[in-house]
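Listed below are the residues making up each chain.
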Amino acid sequence: MEDFVIRTENLTKVYGHLFWKKKEASLEKLNLQIPRGSVFGFLGPNGAGKTTTIRLLMDLIKPSEGQAWVLGQPADNVKVKQRIGYLPDGPSFSTYLKAYEFLNICAKLLKIPSSERKKRIYEVLDIVKMTEHANSKLGGFSRGMIQRIGIAQSILNKPELLILDEPLVGLDPHGRQELKDIINEQKKAGTNVFFCSHILSDVEKICDHVGILSRGKMLCCGALTDLLSETGYRLVIKAGHDDIMQKFMPEASSSSKLSDGGWELVFKENVEVKKSIDELKREKPDAITYHPSKENLEDFFFRQIASTDKRI
Amino acid sequence: MKKTVVNHIIIMAIAIVAGGMLAKTLHEKQISTIPSKSAISGVPIGGFHKFASDVKWMLFINYMGSLQTINEDNKDEVVKRLEQIIDLNPNFEQAIHMGAMSLSNASPDQAVEFLSRAIASEDPTLKKNWKLPFLAGFILMHYKQPAQYSEAARYFRMALERSEGKPEDYVINSYLRARGNANGIKDARLALLDSLVFEWKKTSGDLMETTIIPNITERLLVAAQAARDSHPGDEKVTAIVTEVSATLGDKHICSSCLHSYGPGDNFCAHCGNKVKPYGQCSACKHVLKGNFCSNCGVKAK
Amino acid sequence: MNEIMAIAGSTWRRILRMKVVYFLIVCVWILIGSAMNYDILSLGEEKELMIDVSLLLNTIAIALIVISVTFEIPRELHEGAAATMLTKPLGRTQYLVGKFLGSVITAIIIGLIIAAGFFVLFYMVFGEPLIISLLQAHLLIIASSIPMTAIAVLFSMILPEMITPIITAIALWFSFSTSHLAKYGFMKIIYGGVLPDLDLFNFKSAAMITAGWSYVAMAAVWGAIFSVFALTLSSLIFRFKDIK
């Protein structure tokens, strides 16, 4: 058994093959390795290439270069899809079908034995709290209801790998919590989860691994604990000590004025700065508070994105 | 992926060849089943030619209803409309028939032309239609100036041949009259006799009467009698009568008046001419009613 | 096969759930029946007219069902419904064949319903029972749904969504109109092989002439062979197509 649920090698997707269209790389030489047993959060700004990556993994689009493996099989292997659950971004289903009928078709495609089909369909409908809408047409569903049906079809086959593209979009806060619970349940059941989202706080709560993609390139990828271990220092200067602020400002990676007139400066790991702060702490213990800071995912994400923008 | 592409191409190639060959066979079969198909207009109307001809037919009827008469002014329009209908449906019997009838006075040539096209059709239904050649003959004989009897006779004969042994009397009479006229015989009785003799000779006296004219012997006898009565002493008529009576001698026909006589008659009941008796006992000359004479008991020979 | 039938099932469910389909069938029956009123206008040709109208409208109804495929496939591809299906263990060819079969089965059902209605009307108006040649003419029209659908599927793959239905309708129209091309040399093989000769299904001009059961069967087989070609080509194109 391969150690990685998803593996890509130089995966590239260029759109605009025709000679009169400008070629545009949506994804460039993506090398990704997602270990088994992980919940992987795939992050990136709009247009970063997240959905492109997912579509490549699901064989919905063909790579211009490179290759992808899912659950140890090439991504274009049809059979492997039996072990995958997929929720597309903004799912759209045949509106003329009733929820039960749609899930029944999915169950048939997933080769769920006919004797178990009905039971399983009602199980997943129950999980997504849509049992009472089983015989309603999908055309009459709200966005949130469609999202729930999308989740239901993705977990219908008790997948080994669950790929969710923006699963939290369209759900109300209650629905988001329910979905997070579902993902946690899946995680507990041993399902590998790969999902992309813009809601970083949720990702931080759910994921143990993250990858950040920007402009088609992977900026960083790894266990969340490792990535966020890059510590710095957070110096809070009380109001009326602007001289201290001015002294340390040039070294700070970020600064912000607080509502009480004080300042908060953030430093990266720096021995010299730490020494100066330690001295200041001894001299003016009431003027500052100082503590090592651990970034949250949001900060980390924006720092990574900003660094790419600077490079460009 | 490459292997899959190759497989796809192989399947397509096989399907093209198999499909092409089968389509060719079907095409030929279709043409043989519907011979008129090749005569249908090539106008691309999705195969709805027949429906289009129906619509044009109804428009034609509507148009015809608006005309007082068909004359030089409007005959081209009538012809054009009919052409359109027949191009779309070469088997449209009623349109051909009605169209030809409508045009017969104003433009007999075009009327016959429409009919001749339909008559020449290989379509199984049109091939059996006797009304069309009859109408063509009728127009040639009655509307065409001068009348074309020979051509009319050809069409009438065709109508008789298509009547499958049950022709209408007026078709027979039209044929016989046209043929006689074609031979330059002005007198109607003589013309009729001449034509009947012509057809009768084809039977070679066969009792089964394989000609296209049913009951030809009776018709011939009646015609000969009428001609003999109306043209007594006419050499040609006399020759015909002699020939007929000689041929039909064993059918108990009076050689003088061509009326039939009964068993035991020694003289013709019609003209008094002496005839060869039959059905008599060889011993007592009594009329026989069975295998033995009821009078003397002698076995009949 | 189960996967194909699952897709086919969703397709015919879609069509059979459209109220307009039943409206169409009823309208067709009414129009067929109304032909009996044209006796004076057609000088006694109302029987022929009813036959021709029934064949015409059955062809159009089936063509409309077939053309609906050209709306459905691009829309499913565009809106992502197809993507959901294709992320299940379902090959792209299976998806296309499923769509094809679903549409063909629906067209056959609707064609048979229209034909049955016509024969009932024909019996009621003219007192004539089922005429075999007419039945064969209708069956040929119904069988023409096989290659017609294959053409629709192929065009759904190669043409932009906006123009697919129009181009498909024009292609079907010309496929029924250009059989005379089959007369010319090389065209004999190409025509019917690569280019569809739908006129092979056209006995509308001679509905009272018996096509023969063998002809009907052979025409259906040709339709199936052409469909294999068209669907294989569609599948080949679909293989390289990016799906939204």
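Residues numbered from 1 in each chain as written. Chains lettered and ligands numbered in written order. Predicted model: local features only at pLDDT ≥ 70, side-chain atom pairs only at ≥ 80, totals over all residues. Heavy atoms only, no water.

## Describing the overall build of chain A
Counting its secondary structure elements, chain A contains ten helices and 14 strands. With the principal axes as the frame, chain A shows a C-alpha extent of 75 × 50 × 40 Å. Considering chain A as a whole, with its 312 residues, one finds that 51% of them fall into the buried category. Long-range pairs, those at least 24 residues apart, make up 68% of the contacts in chain A with a sequence separation of at least 6. For chain A, the exposed surface amounts to about 14,900 Å²; the carbon and sulfur share of it is 49%. In chain A, 46 side chains carry a positive charge and 41 a negative one; their mean positions are 6 Å apart. (Helix = DSSP H or I, 4+ residues; strand = E, 2+ residues; numbered from the N terminus. Buried < 20%, exposed > 50% of the residue type's maximum accessible area, 1.4 Å probe, protein only. Contact = heavy atoms within 4.5 Å. Areas by Shrake-Rupley, 256 points an atom, 1.4 Å probe, with all protein chains shown as cover. Lys, Arg positive; Asp, Glu negative; His and termini not counted. Charge placed at Lys NZ, Arg CZ, Asp CG, Glu CD.)

## Observations regarding the sheet that holds strand E1 (residues 4-15) of chain A
Residues and elements named next belong to chain A. Ordered by their spatial adjacency, four strands build an open sheet running E2-E1-E4-E5, and the pairing between neighbours is antiparallel. The open sheet has two edge strands with one neighbour each: strand E2 (24-35) and strand E5 (73-74). Bridge analysis of strand E4 (residues 65-70) against E5 gives two bridges, and the strand direction is antiparallel. Bridge pairing in E5 places Trp-69 opposite Pro-74. (Pairing = 2+ DSSP bridges.)

## So, the environment of Arg-120 of chain A
Residues and elements named next belong to chain A. In this structure, Arg-120 sits in helix H3 (residues 114-127). What makes Arg-120 buried here is its relative accessible area of 12%. It is 9.9 Å that separates the C-alpha atoms of Arg-120 and Ile-155, two residues lying 35 residues apart in sequence. Arg-120 has contacts with Ile-112, Ile-155, Leu-156 and Lys-158, leaving out every residue within four places of it along the chain. A polar atom in the side chain of Arg-120 sits 2.5 Å from the backbone oxygen of Ile-155. (Polar contact = N/O pair within 3.5 Å; in protein donor to acceptor, adjacent residues only side chain to side chain.)

## Focus on the packing of aromatic side chains
Tallied over the full model, the rule gives 21 aromatic pairs over all chains. Their ring planes at 45 degrees and their centres at 5.2 Å tell us that Phe-42 of chain A and Phe-194 of chain A sit as a pair that is tilted. Of this pair, Phe-42 of chain A sits in strand E3 (residues 39-43) while Phe-194 of chain A is found in strand E8 (residues 192-196), placing the two residues 152 residues apart along the sequence. The residues Phe-42 of chain A and Phe-194 of chain A share a single accessibility class, namely buried. Taking 5.2 Å as the distance between ring centres and 70 degrees as the angle between the ring planes, the aromatic pair formed by Phe-134 of chain B and Tyr-170 of chain B counts as edge-to-face. Here the residue Phe-134 of chain B occupies a position in helix H7 (residues 131-142), and Tyr-170 of chain B occupies one in helix H9 (residues 169-182), the gap between them amounting to 36 residues. A residue is classified by how much of its surface remains accessible, and Tyr-170 of chain B, at 43% relative accessible area, is partly exposed. In textbook terms, an aromatic cluster arises when at least three aromatic residues are bridged by ring pairs, as seen for Trp-130, Phe-134, Phe-138, Tyr-143, Phe-156 and Tyr-170 of chain B. Taking NZ or CZ as reference, Arg-92 of chain C lies 5.4 Å from the ring centre of Phe-238 of chain C, over its face. (Phe/Tyr/Trp six-rings, centres within 6.5 Å; stacked < 30°, edge-to-face > 60°. Lys NZ or Arg CZ within 6 Å of the ring centre and 35° of its normal.)

## Comments concerning the state of the cysteines
Residues and elements named next belong to chain A. Within the structure shown, the criterion is met by zero disulfides over all chains. You can see Cys-196 has no disulfide; the closest cysteine sulfur is in Cys-207, sitting 10 Å from it. In this structure Cys-196 comes out as buried when scored by relative accessible area, which is 0%. (Disulfide = S-S within 2.5 Å.)

## Overview of the interface of chain C and chain B
If you look at the interface, chain C gives 52 residues, while chain B gives 42 residues. Note that Glu-48 of chain C is salt-bridged to Lys-50 of chain B, the shortest N-O span being 2.5 Å. Those elements giving two or more residues to the side of chain C that touches chain B turn out to be helix H3 (46-79), helix H8 (164-177), helix H9 (187-193) and helix H10 (213-239) of chain C. The element contributing the most residues to the side of chain C that touches chain B is H10 of chain C, with 14 residues. (Salt bridge = Lys/Arg side-chain N within 4 Å of Asp/Glu carboxyl O.)

## Re the pairing of strand E12 (residues 254-257) of chain A
All names here are of chain A. Bridge count between E12 and strand E13 (residues 263-268): four bridges; the pairing is antiparallel. Looking at the pairing, Lys-257 lines up with Trp-263 of E13. Taken together, E12 and the strand that follows it, E13, pair antiparallel across an intervening segment of five residues, in which Gly-261 is found at a positive phi of about 95 degrees.

## Structural notes on the interface of chain C and chain A
Counting residues at the interface gives 28 residues for chain C and 29 residues for chain A. Of the roughly 2,500 Å² buried between chain C and chain A on both sides combined, carbon and sulfur atoms contribute 60%. Put simply, chain C and chain A have three salt bridges between them. Here Lys-111 of chain A makes a salt bridge to Glu-3 of chain C, at a shortest N to O gap of 2.6 Å. Run the count over chain C and chain A and you get 14 residue pairs in polar contact (both at pLDDT 80 or more). For the side of chain C that touches chain A, the secondary-structure elements that each account for two or more residues are helix H1 (2-16), H3, helix H4 (81-86) and helix H5 (92-126) of chain C. The greatest single-element share of the side of chain C that touches chain A, amounting to six residues, is contributed by H1 of chain C. (Buried area = accessible area lost by both parts, 1.4 Å probe.)

## As for the pattern of salt bridges
Any two side chains of opposite charge can pair if their charged atoms end up close together. Counted under the stated rule, the structure contains 26 salt bridges over all chains. In this structure, the salt-bridge partner of Asp-194 of chain B is Arg-179 of chain B, at a minimum N-O distance of 3.2 Å. One end of the pair, Asp-194 of chain B, is in helix H10 (residues 188-203); the other, Arg-179 of chain B, is in helix H9, with 15 residues separating them in the sequence. Exposure remark for Asp-194 of chain B: the relative accessible area of 19% places this residue in the buried category. Shared partners join several salt bridges into a network, and the residues in it are Arg-14, Glu-72, Glu-76 and Lys-99 of chain C.

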